[in-house]
Amino acid sequence: MTDGTDTTSAARGTAASSGPPERYFLSEADLRSLVGDLLGAGTEVIAPLATDVCQSPSAVAASACTLPGAAAVDIDYRPLAGADELDLSRGLPQLSLKEHFLPEHEALCRWKQKGTTVEVEDVPVEFAPRVVLAAKPCDSAALAVVDQVMNWDYQDELWNGRRAATTIINLACPVIDESCFCTAVGTAPDDTKGADGLLTPVDGGYVLEVTTDKGRAFAAAHAARLSDDVPADTRGRQAADERAAARARVAANLEIDAASVRDWIGTHFEDPLLASIAIRCNGCGACTSVCPTCHCFDIIDEEEGVGRGTRRRCWDTCQAPTFTLHASGHNPRDDQNVRYRQRINHKYSIYPLKFGEVLCTGCGRCTRVCHAGQDIVEILQAIDIAARRPGEAAAEPAPDAPEPVTS
Amino acid sequence: MTEAAPVYTGVDDLRRIARELLEAGDVRVIIGYENARVGARPVFVTDPADADKLIFDTRCVHNLVTYLNPRRDHVAELGKIGLVVKGCDAKAVAGLLRESQLKRDDVVLIGVRCGGVLEASELPAALALTPENVAPRCYGCDNREPTLTDHLVGEPQPEPPRPVMTIDERVAALDGLPAEERWAFWTEQFSKCVRCYACRQVCPLCVCEQCIVEKTQPQWIEPSAHPRGNVSWNVTRALHLAGRCVDCGECERFCPVGIPLSLVNRKLQQIVAERYDYKVSDDPENVAPIGDYRLDDQQEFIK
Amino acid sequence: MSETHDDFEPRITAFVCNWCTYTGADLAGTSRLHMASNVRIIRLPCTGRIDPLFIVKAFERGADGVIVSGCHPADCHYTSGNYHARRRFAVFHDIMQFIGVDPRRMTFSWVSASEGAKWKDVVDEAVRSVRELGPFEAYRALAPDAGAASPTGEAKPAPAATTEVTP
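Residues numbered from 1 in each chain as written. Chains lettered and ligands numbered in written order. Predicted model: local features only at pLDDT ≥ 70, side-chain atom pairs only at ≥ 80, totals over all residues.

1. With respect to the overall build of chain B
Argument step 1. Check the secondary structure of chain B and you find nine helices and five strands.
Argument step 2. For chain B, the sequential pattern of α-helices and β-strands runs α-β-β-α-β-α-β-β-α-α-α-α-α-α.
Argument step 3. For 303 residues, the compact-globule estimate of 2.2 N^0.38 gives 19 Å, and the C-alpha radius of gyration of chain B, at 20 Å, lies within 12% of that figure.
Argument step 4. Principal-axis analysis of the C-alpha atoms places the extent of chain B at approximately 60 × 45 × 40 Å.
Argument step 5. Buried residues in chain B amount to 52% of all 303 residues. (Helix = DSSP H or I, 4+ residues; strand = E, 2+ residues; numbered from the N terminus. Rg over C-alpha atoms; globule rule 2.2 N^0.38 Å. Buried ≥ 20, exposed ≤ 12 C-beta atoms within 10 Å, placed from the backbone.)

In structure tokens:
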């Protein structure tokens, strides 16, 4: 791992792989037929889908794969209604897979007052099996990263329930543009972290590699659409070359020593570099909504009638002015500089210290969606350079607790 | 299609003025535009030697007046600000002055004569404006030479090209639909809303210390991003901007899910123009329509 | 496009000012004028106090139509509250129409303290037109699904666990 952090924390939700990955070949037609089989059996299939709902040009441009021949299509992860909706252009879906595991809003329980008692209705925490196909490796890896906090001091049954019910097959990414940096933060454009298998484009179709028990079960269930014909010298080689080329492309975008970045941030809380980075930020929170690893939520009780209502959780953002507003009225993070610093701190220092994972998978959406010009590649580069300056490196790694917050 | 825009001749003057202001200590920071890795982005220049970072071209879409928003303490702390403003931006400054959110003496305004901007700022080169790439809101701009300025740079620019479809045409198309279809369109759009409040955060005129949506006792607007809460939020946002919105387009540009807020904003302008003969301008003495009244205001909708 | 909903009783919420319309409605009552009984009145000091959010909230909570009524221009108890309301509601009316709400669901009126008969007419007309439009299902349909666990991912049927909690 480039960052040298301990990544042995058990991944939740997908069984650890045992034995070498199994490989298959399927043509694009086979793949669409496989989707048809799933849909025909009533299984929900979530995949990148071209949408024609009005989108801003910069949003569409931002998701386009910059490799020649790729179309600028507005893509999103949605449940498919038919196999022909599956978009295989390898562009970047606007919003990550996050919304399918941590919905933008979801009911936690409902209440109804009856006289002097209150009836509380819980929500189900078991979900029907479903499949995510052609996921971006950065989006699946993010799920594994967030698994840590979702199983830390509280087991989030809704998150875990959805994770357990979902089989995820990635589609190897060609790397979107210069804002991608997955290899700098511990994953790769062909990784299967958080997922159960990987499709790699080759001549005539795809090589499918399954890496977990769930993935193997998936392959077994769809054996009719898969062939064993993956000769090492042709398709096998082609898949390997494609994957290596993508890894080289993204590594060229950014290389950092994540451990020293982590330690520098932890020991340079008041450094003017962090203030200079933050000043441009408007606090719009768009970065947190498109980020696959951001998971903060608010819980509110929404009264929907006299004596009845729903307790919901919904996405929140640390960039909101009231994110840390106390009941007393005091707000320890009451300006944007401090909130932006917190974002960098949490993702690249606090979370790695706590869970051994960077809270980022290098998808680059935050940079592409930020219209104030915040560029996370530039920011990490600047911190990495600062951290490598002689005398800057922390004498020893920061202790296993975040720095106390000074207002 | 990929033709570069002619070089903006005012850039040298802009840099010179910025340098002089900083050297004289008249301002502590110049907020303008610079080249980002891709595209243009806001820059905060405090050192006169950095004045050459300042640019102005068709990618300079941002409304920098958002940094004058009274909520931005960390910017105000830098000291007196010198701000680069296009015509639409100057209207936002007027809005803040009108509502006593800014003192005229706290800011030095460097106006730029503008011929329109691109729809997206994140382009490697400043392209010439075409019907396909121009920001639709620029068409018909009445303030290409801002008047609320302390300095003014650049040569008078040609009118921006007519976009493939103007915002007025899109609004008219919606107006022409039966109500159920308009409802279907807008509920689909508002259903995309993830309640990130980027639209509010970036708007230079959203200045409330506590936004109505953050009021929890009682909770007037449901915070969850379900369609019902989203309609309430988006309608409220629109109503609170009626007669104040300067059509800078930042809300739509920043929206991560692409809700066409420019259509709502243009409708608001049409309403106050038609009913109250009001146009937002960069004259701070021009009283805003909501909060004002006439004895003979239109009331055809009242029984 | 309206269908008759013969057995549908519209639920109308009326936001009225204390000094004129509320008193006018009271007069309609004491005069024993017969009128539709579908209206729930909410009394406010002045139409200038009425935030358009109240109307949005009424629709959210199940109103099929709303009435907003106050003093005639020049008669406002607080001098100019109704002038401000007039501009505010003009914009609100136009924006709601733009997003596709049928304006016949929103009735705005000036009803003075002596206009009991006018109040009766306003109420009857509002109820009639909303009855013709039908229930405001379109607004109710915006609600997140009651009963479904989450917007994404089908939930396996699980026994509804209800816990009685005595506060």
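Here the narrative resumes.
2. Section: the overall build of chain C
Argument step 1. Counting its secondary structure elements, chain C contains five helices and five strands.
Argument step 2. Each helix (α) and strand (β) of chain C, taken in turn from the N terminus, gives the series β-α-β-α-β-α-β-α-α-β.
Argument step 3. Counting the 167 residues in chain C, one finds 47% classified as buried.
Argument step 4. A separation of at least 24 residues holds for 82% of the contacts in chain C among residues at least 6 apart in sequence. (Contact = placed C-beta atoms within 7 Å.)

3. A look at the pairing of strand 6 (residues 130–135) of chain A
Residue and element names in this part refer to chain A.
Argument step 1. With six of its six residues buried, strand 6 lies for the most part within the structure.
Argument step 2. The pairing of strand 2 (residues 44–50) with strand 6 spans three bridges and is classified as parallel. The residue bridging Val45 from the neighbouring strand is Val131, located in strand 6. (Pairing = 2+ DSSP bridges.)

4. Description of unusual backbone geometry
Argument step 1. Following Gln217 of chain B, the chain continues to Pro218 of chain B via a peptide bond in cis, the omega torsion being -5°.
Argument step 2. In this fold, Pro218 of chain B is placed in the loop between helix 6 (198–202) and helix 7 (227–241).
Argument step 3. Even without a glycine there, the phi angle at Val175 of chain A is positive, about 80°.
Argument step 4. Its place among the elements puts Val175 of chain A in the loop between strand 7 (166–171) and strand 8 (197–202).

5. Some remarks on the sheet that holds strand 2 (residues 39–44) of chain C
Residue and element names in this part refer to chain C.
Argument step 1. One open sheet accounts for four strands, arranged 2-1-3-4; its pairing is parallel. Strands at the two margins of the open sheet, each flanked by one partner only, are strand 2 and strand 4 (106–110). On average, adjacent strands in this sheet sit at an angle of 20° to one another, irrespective of strand direction.
Argument step 2. In terms of strand pairing, strand 3 (residues 65–70) meets strand 4 through five bridges, oriented parallel. (Axes fitted to C-alpha atoms, helices over the stretch in contact; angles between N-to-C directions.)

6. Section: the sheet that holds strand 7 of chain A
Picture the strands of a sheet paired through backbone hydrogen bonds; they go either parallel or antiparallel.
All names here are of chain A.
Argument step 1. Spatial ordering of the open sheet is given by 1-9-8-7-6-2-3, a layout of seven strands whose pairing is mixed. Two strands close off the open sheet at either side, each with one partner strand: strand 1 (22–27) and strand 3 (75–79). For this sheet, the mean angle separating the axes of adjacent strands, direction not counted, is 25°.
Argument step 2. With three bridges connecting them, strand 7 and strand 8 associate as parallel partners. Within the sheet, the bridge partner assigned to Leu171 lies in strand 8 and is Leu199.

7. Some thoughts on the environment of Val39 of chain C
All names here are of chain C.
Argument step 1. Along the chain, the position of Val39 falls in strand 2.
Argument step 2. The exposure class assigned to Val39 is buried, which follows from the 22 C-beta atoms found within 10 Å.
Argument step 3. Sequence separation of Val39 and Leu53 is 14 residues, and the distance between their C-alpha atoms is 19 Å.
Argument step 4. The contact partners of Val39, leaving out residues within four places of it in the chain, are Ile12, Ala14, Ile67 and Val123.

8. Description of the domain arrangement of chain B
Residues and elements named next belong to chain B.
Argument step 1. As assigned here, chain B comprises domain 1 (11–153) and domain 2 (167–276).
Argument step 2. Once you take the C-alpha centre of each, domain 1 and domain 2 turn out to be 25 Å apart.
Argument step 3. Tallying the contact residues gives 18 residues for domain 1 and 13 residues for domain 2.
Argument step 4. Within the side of domain 1 that touches domain 2, the residues separate by chemical class into nine nonpolar, five polar and four charged. (Domains from an automatic or database assignment. Nonpolar A, V, L, I, M, F, W, Y, C, P; charged D, E, K, R; others polar.)

9. Overview of the nonpolar core
Argument step 1. With 236 residues, the main nonpolar core has Ala47 of chain A together with Leu83 and Val93 of chain B as its most contacted residues.
Argument step 2. Beyond its immediate sequence surroundings of up to four residues, Val93 of chain B is in contact with Val65, Val85, Leu102, Leu109, Leu148 and Asp282 of chain B. (Core = buried A, V, L, I, M, F, W, Y, C linked by C-beta atoms within 7 Å.)

10. Let's talk about the interface of chain A and chain B
Argument step 1. On the side of chain B, 38 residues touch chain A, which itself brings 38 residues to the contact.
Argument step 2. Taken together, the elements giving at least two residues each to the side of chain A that touches chain B come down to helix 2 (57–63), helix 9 (286–290), strand 10 (297–305), strand 11 (308–315) and helix 10 (336–355) of chain A.
Argument step 3. In terms of residue count, helix 2 of chain A provides more of the side of chain A that touches chain B than any other element does, four residues in total.
Argument step 4. A per-class count over the side of chain A that touches chain B returns 16 nonpolar, 14 polar and eight charged.

11. A short note on the packing of helix 7 of chain B against helix 3 (residues 81–98) of chain C
Argument step 1. Two elements in contact, helix 7 of chain B and helix 3 of chain C, have axes whose closest approach is 10 Å; the angle formed by their N-to-C orientations is 140°. Looking at the two axes, helix 7 of chain B sits oblique to helix 3 of chain C. Where helix 7 of chain B crosses over helix 3 of chain C, the two elements pack in a sense that is right-handed. Two secondary-structure elements touch here, helix 7 of chain B through Val235, Ala238 and Leu239 of chain B and helix 3 of chain C through Val91, Phe92 and Ile95 of chain C. (Parallel < 35°, antiparallel > 145°, perpendicular 65-115°, else oblique. Left-handed = near helix turned anticlockwise from the far one by under 90°.)

12. Quick look at helix 3 (residues 87–98) of chain B
Residue and element names in this part refer to chain B.
Argument step 1. Counted at 1.5 Å a residue, the expected span for helix 3 with its twelve residues is 16 Å, and the 16 Å between its end C-alpha atoms agrees.
Argument step 2. Taken residue by residue, helix 3 has Gly87, Cys88, Asp89, Ala90, Lys91, Ala92, Val93, Ala94, Gly95 and Leu96 as its buried positions.
Argument step 3. Ser100 occupies a position one or two residues after helix 3 and carries a positive phi of about 60°. (Expected span 1.5 Å × (residues − 1).)

13. Overview of helix 7 of chain B
Residues and elements named next belong to chain B.
Argument step 1. The terminal C-alpha atoms of helix 7, which comprises 15 residues, lie 21 Å apart, in line with the 21 Å expected from a rise of 1.5 Å per residue.
Argument step 2. Here helix 7 lies mainly inside the structure; eleven of its 15 residues are buried.
Argument step 3. Listing the buried residues of helix 7 in full gives Arg228, Gly229, Asn230, Val231, Ser232, Trp233, Asn234, Val235, Arg237, Ala238 and Leu241.
Argument step 4. Once helix 7 finishes, Gly243 follows within two positions and takes phi at roughly 80°, a positive value.

14. Considering the confidence of the model for chain C
Argument step 1. Averaged over all residues, the pLDDT of chain C equals 86, while 83% of them reach at least 70.
Argument step 2. Here residues 146–167 of chain C scores under 50 on pLDDT; set against residues more than four positions off or in separate chains, the count is 46 contacts. (pLDDT = per-residue confidence, 0-100.)

15. Things to note about the packing of helix 7 (residues 258–267) of chain A against helix 12 (residues 376–388) of chain A
All names here are of chain A.
Argument step 1. Put simply, helix 7 and helix 12 touch, their axes get as near as 9 Å, and they point 85° apart. The pairing of helix 7 with helix 12 is recorded here as roughly perpendicular in orientation. Across from Ser260, Val261, Trp264 and Ile265 in helix 7, the residues of helix 12 making contact are Leu380, Ile383, Asp384, Ala386, Ala387 and Arg388.
Argument step 2. In terms of residue class, the contact of helix 7 with helix 12 is made up of seven nonpolar, one polar and two charged.

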